[in-house]
Amino acid sequence: MAHILAVDDDAAVLGTLERVLRRDNFDVTCVDSGPKALMFLEETLPDLMILDIIMPDMDGIDVCRRVRHDNRFTALPILFLTAKGSTDDIVDGLDAGADDYVVKPFEVAELRARVQALLRRGMRSRESRSVLELNDLTLDSETYQVYVNGEHVQLTSTEHRLLRYFMEHPNQALSLSHLLQAVWEYPEATGDPDLVRAHVRNLRAKIEKGGEHRYIRTIHGVGYMISA
């Protein structure tokens, strides 16, 4: 049974999340603040964290950044569930290290689909034991370790999956819609292309130095490609 940590200062939202997720046979822990979430993570590693942004004491962006700076939580999927729904807000959330983003008010069916997709991707990542090498990139799917020219680079779980997909499909121009389906498991013709753009930007910042796109090339009018 997957364990989900839900973090929101709104008791009604927490009640809805707990009811919906328990109906799907998930074990759910609800906390109403960022500090309580961090205290919980010191004792227990959940399979997924659902996180609000607008909270007193410590907002969700700060919580997400603190979690991502801790090597213990590299593979923890984080889903923002928040009323902050502008493009800039979404990009800020993804830049902080979130894997996906759902805007309130939300449809229960959409939330359930996003949760299931994140958990499935996490399970497949844990089951994969392959080591991929491409040029001077090395990716270990078992340990979530990535090396560039022998230097360790820390990626989030979604950045890791995205890089792995690029490395598994070298010299192929991959469209934004294709990546949304393949990496995020969105149904065809759904999902926000900015989700891909933000993660590619963050991934480039970590594996490429000096702003030179040595690994992931932009194919204008199409998407992205990694060259072997």
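Residues numbered from 1 in each chain as written. Predicted model: local features only at pLDDT ≥ 70, side-chain atom pairs only at ≥ 80, totals over all residues. Heavy atoms only, no water.

With respect to the sheet that holds strand β9 (residues 151-153)
Argument step 1. Taken in spatial order, the 4 strands make up an open sheet running β6-β7-β8-β9, and their pairing is antiparallel. In the strand order of this sheet, the two ends are held by β6 (131-134) and β9, each with one partner. Strand-to-strand twist of the sheet, defined as the mean angle between neighbouring strand axes without regard to direction, takes the value 20°.
Argument step 2. In terms of strand pairing, strand β7 (residues 137-140) meets strand β8 (residues 145-148) through 4 bridges, oriented antiparallel. Looking at the pairing, Leu137 lines up with Val148 of β8. (Pairing = 2+ DSSP bridges. Helix = DSSP H or I, 4+ residues; strand = E, 2+ residues; numbered from the N terminus. Axes fitted to C-alpha atoms, helices over the stretch in contact; angles between N-to-C directions.)

A look at the pattern of salt bridges
Argument step 1. This structure, assessed with the given rule, holds 17 salt bridges.
Argument step 2. Here Lys36 and Asp32 are joined by a salt bridge, their closest N and O atoms 2.9 Å apart.
Argument step 3. Here Lys36 falls in the partly exposed class, since its relative accessible area comes to 42%.
Argument step 4. On the basis of relative accessible area, Asp32 is assigned to the partly exposed category, the value being 37%.
Argument step 5. Measuring nitrogen to oxygen at the nearest pair gives 2.9 Å for the salt bridge that ties Glu185 to Arg120. Separated by 65 residues along the polypeptide, Glu185 in the loop between α7 (176-182) and α8 (193-207) and Arg120 in helix α5 (residues 108-127) bring together distant segments of the chain.
Argument step 6. According to the relative accessible area criterion, Glu185 is buried, its value standing at 19%.
Argument step 7. For Arg120, a relative accessible area of 38% translates into the label partly exposed.
Argument step 8. Each of the salt bridges in this network shares a partner with another, and the network as a whole consists of Asp8, Asp52 and Lys104. (Salt bridge = Lys/Arg side-chain N within 4 Å of Asp/Glu carboxyl O. Buried < 20%, exposed > 50% of the residue type's maximum accessible area, 1.4 Å probe, protein only.)

Remarks on the packing of helix α6 (residues 157-168) against α8
Argument step 1. Between α6 and α8, whose axes approach to 10 Å, the crossing angle comes to 85°. Relative to α8, the element α6 lies roughly perpendicular. Packed against α6, whose contacting residues are Thr158, Glu159, Leu162, Leu163 and Phe166, the element α8 presents His199, Val200, Asn202, Leu203, Lys206 and Ile207 at the interface.
Argument step 2. Classifying every residue of the contact of α6 with α8 gives 6 nonpolar, 3 polar and 2 charged. (Parallel < 35°, antiparallel > 145°, perpendicular 65-115°, else oblique. Contact = heavy atoms within 4.5 Å. Nonpolar A, V, L, I, M, F, W, Y, C, P; charged D, E, K, R; others polar.)

Structural notes on the pairing of strand β2 (residues 27-31)
Argument step 1. As judged from the 5 bridges shared by strand β1 (residues 3-7) and β2, these two strands associate in the parallel manner. Counterpart to His3 in the pairing with β2 is Asp27.

Examining the side chain of Thr74
Argument step 1. Relative to the helices and strands, Thr74 resides in the loop between α3 (60-68) and β4 (78-82).
Argument step 2. With relative accessibility at 12%, the residue Thr74 sits in the buried group.
Argument step 3. Not counting residues up to four positions away in its chain, the partners in contact with Thr74 are Arg68, Gln154, Leu155, Thr156 and Ser157.

A closer look at the confidence of the model for the protein chain
Argument step 1. Looking at the protein chain, the pLDDT average stands at 90 and 95% of residues meet or exceed 70.
Argument step 2. No element of the protein chain has a lower mean pLDDT than α5, at 81, and none a higher one than β1, at 98. (pLDDT = per-residue confidence, 0-100.)

Re unusual backbone geometry
Argument step 1. Going from Lys104 to Pro105, the amide bond is cis rather than trans, its omega being -10°.
Argument step 2. Note that Pro105 resides in the loop between β5 (100-103) and α5.
Argument step 3. Although it is not a glycine, Asp57 adopts a positive phi angle of roughly 70°.
Argument step 4. Asp57 gets classed as exposed once you look at its relative accessible area, which sits at 75%.
Argument step 5. The backbone of Asn135 shows a phi angle near 55°, a positive value even though the residue is not glycine.
Argument step 6. Summarising the element assignment, Asn135 is placed in the loop between β6 and β7.
Argument step 7. By relative accessible area, which is 54% here, Asn135 ends up exposed.

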